[in-house]
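The lines below spell out each chain.
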Amino acid sequence: MIVEADNGAIAEAARILRAGGLVAFPTETVYGLGADATNGKAVARIYEAKGRPRFNPLIAHVESLDAARDLVEFNGEAVALAERFWPGPLTLVLPQRAETAHRISGLVTAGLDTLAVRVPAHPVACRLIAAAGVPIAAPSANLSGRVSPTCARHVEEDLGNAVDMILDGGVTQAGLESTIVAFSPVPTLLRPGGLAREEIEAVLGRPLKDYREAGVLSPGQLASHYAPLAGIRLNASTAEPGELLLAFGPGAPDGALNLSPSGDLREAAANLFAYLRELDARHPARIAVMPIPRHGLGEAIDDRLARASAPRP
Ligand code: TXA
Ligand code: MG
């Protein structure tokens, strides 16, 4: 059930979460499928609803840096990143604090001794977390392996009655999941996302290690992910017979759905998942995607497209 996210709906959503229910809610990146991170049965329902493999750990969404400090051990670089970018599209993977680790369900961490934490910037998400009074475990609110939802209707398409309430807060602004940084112990980029690598490196004063070279694999980094039903062909300049073109930039053919006619990577990121869904709904044999420059948010867009085009398991 989609409900406009006013005060009454947020209060009701918080009650549902405390009672062990599932609430889908907007963040500035994508819609999340939330459950009380301290309630194992509630978190289990997330995995069921998404059809998600059990070994894939979840992000705990909290209200503030202080609330995150209660759950994980920060180092100096992590504090600098949190102070600069929270609330916002950055997730930090840090060791759990021994004193509070027992409060978080083992299904959230999938048995790891680290926990992913993030303070989202969307007002509805902030008010929901505050009203619930518990950390909220929330993956993106899509079926496992499908593209992430950027509006309430996408959530309903994928999850329908498996979720107790869908809080509608409009279309999400970033459109890509958060950037994930772990410390192993050097800062390592586990997933490019809504915050560009360059911005993080500017604060750290050194380059981020890449998960591919670090050998630290976030369990979510399976090759095939974010997949629409149609196949994907990358670096296309035009559509071949049977294909629909997902265009980018001013040089694109007329009439094609264009991620950003002006070539703006932020706009392209915000449109990516909605446009993949829109093209998929027209049932082409394949979606042909024009090349996306690899700087700034282009790194995350390329990452999602590469996964969407990978062979299916
Ligand atoms: O923007 C976002 O991050 C959205 C919104 C809802 O906040 N959430 C999201 O969650 O994208 P999800 O579950 O789709 O992706 C979380 C990623 C997964 O790839 C998972 O493997 C990784 O975070 N992750 C979570 N905990 C981890 C940990 N302790 N160590 C390494 N990776 C972890
Ligand atoms: Mg996801």
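Residues numbered from 1 in each chain as written. Chains lettered and ligands numbered in written order. Predicted model: local features only at pLDDT ≥ 70, side-chain atom pairs only at ≥ 80, totals over all residues. Heavy atoms only, no water.

### Re the overall build of the protein
Right, so step 1: A count of helices and strands for the protein gives 11 helices and 15 strands.
Right, so step 2: Over its C-alpha trace the protein gives a radius of gyration of 19 Å, about what one expects of a compact globule, namely 20 Å for 313 residues.
Right, so step 3: Counting only C-alpha atoms, the protein reaches 60 × 45 × 35 Å along its principal axes.
Right, so step 4: Counting all 313 residues of the protein, 58% fall into the buried class.
Right, so step 5: When the accessible surface of the protein is totalled, it reaches about 12500 Å², and 53% of it is carbon and sulfur. (Helix = DSSP H or I, 4+ residues; strand = E, 2+ residues; numbered from the N terminus. Rg over C-alpha atoms; globule rule 2.2 N^0.38 Å. Buried < 20%, exposed > 50% of the residue type's maximum accessible area, 1.4 Å probe, protein only. Areas by Shrake-Rupley, 256 points an atom, 1.4 Å probe, with all protein chains shown as cover.)

### Concerning the domain arrangement of the protein
Right, so step 1: For the protein, the domain assignment lists domain 1 (2-214) and domain 2 (231-309).
Right, so step 2: Its C-alpha centre places domain 1 at a distance of 26 Å from the equivalent point of domain 2.
Right, so step 3: On the domain 2 side, the residues contacting the 28 residues of domain 1 number 18 residues.
Right, so step 4: Of the roughly 1600 Å² buried between domain 1 and domain 2, counting both surfaces, carbon and sulfur atoms make up 50%.
Right, so step 5: Contact with domain 2 buries surface across domain 1, with Val147, Leu176 and Pro192 losing the most and accounting together for 34% of the total.
Right, so step 6: Seen at the junction of domain 1 and domain 2, the total is 5 salt bridges.
Right, so step 7: Between Asp158 and Arg277 there is a salt bridge, and its shortest N-O distance comes to 3.2 Å.
Right, so step 8: Our count for the contact surface shared by domain 1 and domain 2 stands at 8 residue pairs in polar contact (both at pLDDT 80 or more).
Right, so step 9: Split by residue class, the side of domain 1 that touches domain 2 holds 10 nonpolar, 8 polar and 10 charged. (Domains from an automatic or database assignment. Contact = heavy atoms within 4.5 Å. Buried area = accessible area lost by both parts, 1.4 Å probe. Salt bridge = Lys/Arg side-chain N within 4 Å of Asp/Glu carboxyl O. Polar contact = N/O pair within 3.5 Å; in protein donor to acceptor, adjacent residues only side chain to side chain. Nonpolar A, V, L, I, M, F, W, Y, C, P; charged D, E, K, R; others polar.)

### Regarding the environment of Ile46
Right, so step 1: Summarising the element assignment, Ile46 is placed in helix 2 (residues 40-50).
Right, so step 2: Separated by 129 residues in sequence, Ile46 and Gly175 have C-alpha atoms that sit 21 Å apart.
Right, so step 3: Setting aside chain neighbours within four positions, we find Ile46 in contact with Leu22, Leu33, Gly34, Ala35, Leu58, Ala137 and Pro139.

### Considering the sheet that holds strand 15 (residues 286-289)
Right, so step 1: The sheet built from 4 strands is open, its strands ordered 12-15-13-14 with parallel pairing. Strands at the two margins of the open sheet, each flanked by one partner only, are strand 12 (231-233) and strand 14 (257-258).
Right, so step 2: Judged from the 2 bridges that link them, strand 13 (residues 243-247) and strand 14 form a sheet pairing that is parallel. Along strand 14, the bridge assignment pairs Ala247 with Asn258.
Right, so step 3: Of the strands in this sheet, strand 12, strand 13, strand 14 and strand 15 touch helix 10 (residues 265-280), which is tilted by about 165° from strand 13. (Pairing = 2+ DSSP bridges. Axes fitted to C-alpha atoms, helices over the stretch in contact; angles between N-to-C directions.)

### Some thoughts on the sheet that holds strand 6 (residues 114-118)
Right, so step 1: Across the sheet, which stays open at both edges, the 11 strands sit in the order 1-8-2-3-7-4-6-5-9-10-11 with mixed pairing between neighbours. Since the sheet does not close on itself, it has two edges, and those belong to strand 1 (2-4) and strand 11 (209-210), each with one partner.
Right, so step 2: Here strand 1 pairs with strand 8 (residues 165-168) via 3 bridges, running parallel. The partner of Glu4 across the bridge, within strand 8, is Asp168.
Right, so step 3: Against the sheet, helix 1 (residues 7-18) touches strand 1, strand 2 (23-26), strand 3 (31-36), strand 7 (136-137) and strand 8, its axis set at about 145° to strand 8.

### What to know about the packing of aromatic side chains
A ring pair, where both rings are aromatic, is described by two values, the distance of the centres and the angle of the planes.
Right, so step 1: Across all of its chains, the model carries 1 aromatic pair by this definition.
Right, so step 2: A centroid spacing of 6.2 Å and a plane angle of 85° characterise the contact between Phe74 and Trp86, whose relative ring orientation is edge-to-face. A residue pair is termed long-range when its members are at least 10 positions apart, and Phe74 in the loop between helix 3 (65-69) and helix 4 (76-85) and Trp86 in the loop between helix 4 and strand 5 (90-95) qualify at 12 residues.
Right, so step 3: Using a relative accessible area of 16% as the deciding quantity, one classes Phe74 as buried.
Right, so step 4: The positively charged end of Arg69 is found above the aromatic ring belonging to Phe74, 5.6 Å away from the centroid. (Phe/Tyr/Trp six-rings, centres within 6.5 Å; stacked < 30°, edge-to-face > 60°. Lys NZ or Arg CZ within 6 Å of the ring centre and 35° of its normal.)

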